[in-house]
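The chain contents come next:
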Amino acid sequence: SPKGQKMTKIYTRQGDDGYTFVKTKNGLEKFHKNNDLVHVLGEIDELSCHLGLILSELGYNYGSPADKIFDIQKYLYILSASMFSIDKEELNNKILEMEKDIDNYNNNFLPVLDDLTYPGGCRVSAMTHVARAVTRRIERRVSSINNRELIRYFNRLSDYLFVLARYDSMTQQETLWKPMGKNEK
């Protein structure tokens, strides 16, 4: 609904025939709900829900990983609303910020990773791995709508969530994957 207007009615029945309306560069357009763009928007919504679950578990502390996750959640709403008119400079700045944070975690907090890890560790880490996997799905789906900038963003976001999941599991020992024949620990 337009800013300042209350949503007095949640249902419109307009989607009952399998179509929905999406704001594009040409205005409001009708799309089948099985369209790749509609899938991308739905999967971004799903990711935002997973991030909300992580936030509910972490609590909100300014400057903490929770603060960064909330910023990501807010930015996902911006991306959803402006899929066809993305501020490329802002998007690039978000990517650079994530890369800086990834490097900071890897250089200052996390042990060197020689093998893959199993998702888990602690509850928040496991939830963050789920969000990472959803992000990878979005990245694959975005490739079908040919938006290189968004592919870069979601690729980096999945890397960022992987590092956060490792950081979250620091209170537990990570379970590393070893090739067959090697001892797992």
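The rules behind the values
Residues numbered from 1 in each chain as written. Predicted model: local features only at pLDDT ≥ 70, side-chain atom pairs only at ≥ 80, totals over all residues. Heavy atoms only, no water. Helix = DSSP H or I, 4+ residues; strand = E, 2+ residues; numbered from the N terminus. Buried < 20%, exposed > 50% of the residue type's maximum accessible area, 1.4 Å probe, protein only. Contact = heavy atoms within 4.5 Å. Areas by Shrake-Rupley, 256 points an atom, 1.4 Å probe, with all protein chains shown as cover. Axes fitted to C-alpha atoms, helices over the stretch in contact; angles between N-to-C directions. Parallel < 35°, antiparallel > 145°, perpendicular 65-115°, else oblique. Left-handed = near helix turned anticlockwise from the far one by under 90°. Expected span 1.5 Å × (residues − 1). Arc of directions from axis to C-beta. Polar contact = N/O pair within 3.5 Å; in protein donor to acceptor, adjacent residues only side chain to side chain. Core = buried A, V, L, I, M, F, W, Y, C linked by side-chain atoms within 4.5 Å. Phe/Tyr/Trp six-rings, centres within 6.5 Å; stacked < 30°, edge-to-face > 60°. Lys NZ or Arg CZ within 6 Å of the ring centre and 35° of its normal.

*Asks:* Residue-level account of the overall build of the chain, with values.
*Replies:* In terms of helices and strands, the chain carries five helices and two strands. Starting at the N terminus, the α and β elements of the chain follow one another as β-β-α-α-α-α-α. Relative to its full complement of 185 residues, the chain shows a buried share of 36%. In the chain, the share of contacts with a sequence separation of at least 24, taken over all contacts with a separation of at least 6, comes to 65%. Split by element, the accessible area of the chain, about 11600 Å² in all, is 50% carbon and sulfur.

*Asks:* Talk me through the packing of helix H3 (residues 88-108) against helix H5 (residues 148-168); I want residue IDs and the actual numbers.
*Replies:* Running from amino to carboxyl end, H3 crosses H5 at an angle of 25°, the nearest separation of the two axes being 9 Å. Here H3 lies roughly parallel to H5, going by the angle between them. For the element pair H3 and H5, the recorded crossing hand is left-handed. For the pair formed by H3 and H5, the contact residues are Lys-88, Leu-91, Asn-92, Lys-94, Ile-95, Met-98, Glu-99, Asp-101, Ile-102, Tyr-105 and Asn-106 on the first element and Glu-149, Leu-150, Arg-152, Tyr-153, Arg-156, Leu-157, Asp-159, Tyr-160, Val-163, Leu-164, Arg-166 and Tyr-167 on the second.

*Asks:* An account of H3 is requested, with residue identities and associated values reported.
*Replies:* For H3, built from 21 residues, the straight-helix expectation of 30 Å at 1.5 Å per residue is met to within 8% by its first-to-last C-alpha distance of 30 Å. Of all the residues in H3, the buried ones are Leu-91, Ile-95, Met-98, Asp-101, Ile-102 and Tyr-105. Projected onto a plane normal to the axis of H3, the buried residues spread over an arc of 125° and lie on a single side. For H3, the exposed residues lying more than 90 degrees away from the buried face are Glu-89, Lys-100, Asn-107 and Asn-108. Against helix H2 (65-81) and H5 lie the buried residues of H3. Two or three places before Glu-89, at the start of H3, stands the capping residue Asp-87, its side-chain oxygen 3.1 Å from that residue's backbone nitrogen.

*Asks:* Give a detailed account of the nonpolar core, specifying residues and quantitative values.
*Replies:* Counting 40 residues, the largest nonpolar core has Leu-47, Leu-51, Leu-76, Leu-79, Tyr-153, Phe-154 and Leu-157 as its most contacted members. Broken down by secondary-structure element, the contributors of at least two residues to this core are helix H1 (36-58), H2, H3, helix H4 (123-144) and H5. With nine residues, the single largest contributor to this core is H1.

*Asks:* Residues and numbers for the packing of aromatic side chains, please.
*Replies:* Tallying each qualifying case throughout the model produces five aromatic pairs. Plain terms: the ring middles of Tyr-105 and Phe-109 are 5.9 Å apart, the flat faces sit at 50° to each other, and that makes the pair tilted. Pairing Tyr-153 with Phe-154 gives two aromatic rings, centres 5.2 Å apart and planes at 85°, and the pair type is edge-to-face. As far as the burial class goes, Tyr-153 and Phe-154 line up, both buried. Site record: aromatic cluster; members linked through ring pairs are Tyr-75, Tyr-153 and Phe-154. Positioned above the aromatic ring of Tyr-19 is the side chain of Lys-30, whose terminal nitrogen or guanidinium carbon lies 5.0 Å from the ring centre. The side chain of Lys-94 reaches across the aromatic face of Tyr-75, ending 5.1 Å from its centre.

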